[in-house]
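Geometric and topological summary
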Amino acid sequence: MKRMTRTLVLVLAMSTFTGCSNMSTRDKNTAIGAAIGGVAGSVLTGGSTSGTIGGAAVGGVIGHQIKR
């Protein structure tokens, strides 16, 4: 059972990494900002759904505005 779980996690990780390979820098910044904002919103509001969604929205906007 552990081997099957490990294989499944590896396949999902590889799918995630290849899904982002053709994203522009701005798209990557938006996704990273949304992820960080969602985690921060969840932590700051004690796991509230609206806090998580709000944090992800704000983080996505901020990530989209960052230029490299």
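Bear in mind the structure is a predicted one, so any value in this text is a computation, not a measurement.

Now for helix α3 (residues 49-65). Because the α-helix completes a turn every 3.6 residues, residues three or four places apart line up on one side. The terminal C-alpha atoms of α3 lie 25 Å apart, and with 17 residues this matches the ideal 24 Å at 1.5 Å per residue to within 8%. Turning to α3, its buried residues number three or more, namely G51, G55, G59, G60 and G63. In an axial view of α3, the angular spread of the buried residues amounts to 160 degrees, which keeps them on one side of the axis. In α3, the exposed positions that point more than 90 degrees away from the buried face belong to T49, S50, I53, V61 and Q65. Tucked into the core, α3 has its buried residues touching α2 (25-44).

Among the surface-exposed residues, V58, I62 and I66 lie close enough to one another that they form a single nonpolar patch of about 270 Å² accessible area. Here I62 lies in helix α3.

This part covers the packing of α2 against α3. α3 packs onto α2 with a crossing angle of 150 degrees between their chain directions and a minimal axis gap of 6 Å. Judged by the inter-axis angle, α2 sits roughly antiparallel to α3. Once α2 is placed against α3, the crossing between them reads as right-handed. For the pair formed by α2 and α3, the contact residues are R26, N29, T30, G33, A34, G37, G38, G41 and S42 on the first element and G51, T52, G55, A56, G59, G60, G63 and H64 on the second. Counted by class, the contact of α2 with α3 contains two nonpolar, 14 polar and one charged residues.

Criteria and cut-off values
Residues numbered from 1 in each chain as written. Predicted model: local features only at pLDDT ≥ 70, side-chain atom pairs only at ≥ 80, totals over all residues. Heavy atoms only, no water. Helix = DSSP H or I, 4+ residues; strand = E, 2+ residues; numbered from the N terminus. Expected span 1.5 Å × (residues − 1). Buried < 20%, exposed > 50% of the residue type's maximum accessible area, 1.4 Å probe, protein only. Arc of directions from axis to C-beta. Contact = heavy atoms within 4.5 Å. Patch = residues over 30% accessible without salt bridge, like charges linked within 9 Å, V, L, I, M, F, W, Y side chains within 5 Å. Areas by Shrake-Rupley, 256 points an atom, 1.4 Å probe, with all protein chains shown as cover. Salt bridge = Lys/Arg side-chain N within 4 Å of Asp/Glu carboxyl O. Axes fitted to C-alpha atoms, helices over the stretch in contact; angles between N-to-C directions. Parallel < 35°, antiparallel > 145°, perpendicular 65-115°, else oblique. Left-handed = near helix turned anticlockwise from the far one by under 90°. Nonpolar A, V, L, I, M, F, W, Y, C, P; charged D, E, K, R; others polar.

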